[in-house]
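In case you want the letters, here they are:
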Amino acid sequence: MNFLGYELKKDQKERWIYSVFSDFEEATVTVEKHSYKANITEMPYTFGNIYSKEYVISTLVNILKEYPGIESCAMGSG
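Residues numbered from 1 in each chain as written. Predicted model: local features only at pLDDT ≥ 70, side-chain atom pairs only at ≥ 80, totals over all residues. Heavy atoms only, no water.

Interpreting fine coordinate detail is not advised for predicted regions of low pLDDT. On average, the chain scores 90 in pLDDT, and the residues at 70 or more come to 96%. Per-element confidence in the chain is highest for strand 1 (residues 4-11), whose mean pLDDT is 96, and lowest for strand 4 (residues 38-42), whose mean pLDDT is 90. (pLDDT = per-residue confidence, 0-100. Helix = DSSP H or I, 4+ residues; strand = E, 2+ residues; numbered from the N terminus.)

Dropping the structure here:
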């Protein structure tokens, strides 16, 4: 498993904005606080070579449902 980390960039009234890190790339995910609807707002093409968009979003949403507004978390080896 490759490294995957999440870090809260902005905690806005209606949404959270997270930086998502892999071993080599960084993406940005926006998550609506009340519906947990999420989308990737910035993602280099090569990021998808390691993790799919669906995996990045579903993992973050599952974490947020358990720990709303978590500041950071990581998994895998880095």
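Turning to helix 1 (residues 53-66), a few remarks are in order. Given 3.6 residues per helical turn, the α-helix brings residues three or four places apart onto the same face. Taking 1.5 Å per residue as the helical rise, helix 1 with its 14 residues ought to reach 20 Å, and the 20 Å between its terminal C-alpha atoms agrees with that figure. By the burial criterion, the buried members of helix 1 are Val56, Thr59, Leu60, Val61, Ile63 and Leu64. Buried residues along helix 1 sit against strand 1, strand 2 (15-21), strand 3 (26-32), strand 4 and strand 5 (72-75). (Expected span 1.5 Å × (residues − 1). Buried < 20%, exposed > 50% of the residue type's maximum accessible area, 1.4 Å probe, protein only. Contact = heavy atoms within 4.5 Å.)

Here we come to the sheet that holds strand 3. The strand order across the open sheet built from five strands is 4-3-2-1-5, with neighbouring strands paired in antiparallel fashion. Strands at the two margins of the open sheet, each flanked by one partner only, are strand 4 and strand 5. Shown here is a sheet whose adjacent strand axes are inclined to one another by a mean of 25°, direction ignored. In terms of strand pairing, strand 1 meets strand 2 through six bridges, oriented antiparallel. The residue of strand 2 that forms the bridge with Lys10 is Ile17. (Pairing = 2+ DSSP bridges. Axes fitted to C-alpha atoms, helices over the stretch in contact; angles between N-to-C directions.)

Right, let's talk about the pattern of salt bridges for a bit. Enumeration over the complete set of coordinates arrives at two salt bridges. Put simply, Arg15 and Glu32 hold a salt bridge, and the shortest N to O gap is 3.5 Å. With Arg15 in strand 2 and Glu32 in strand 3, this residue pair connects regions lying 17 residues apart in the sequence. By relative accessible area, Arg15 is classed as partly exposed at 31%. Its relative accessible area of 26% is what places Glu32 among the partly exposed residues. (Salt bridge = Lys/Arg side-chain N within 4 Å of Asp/Glu carboxyl O.)

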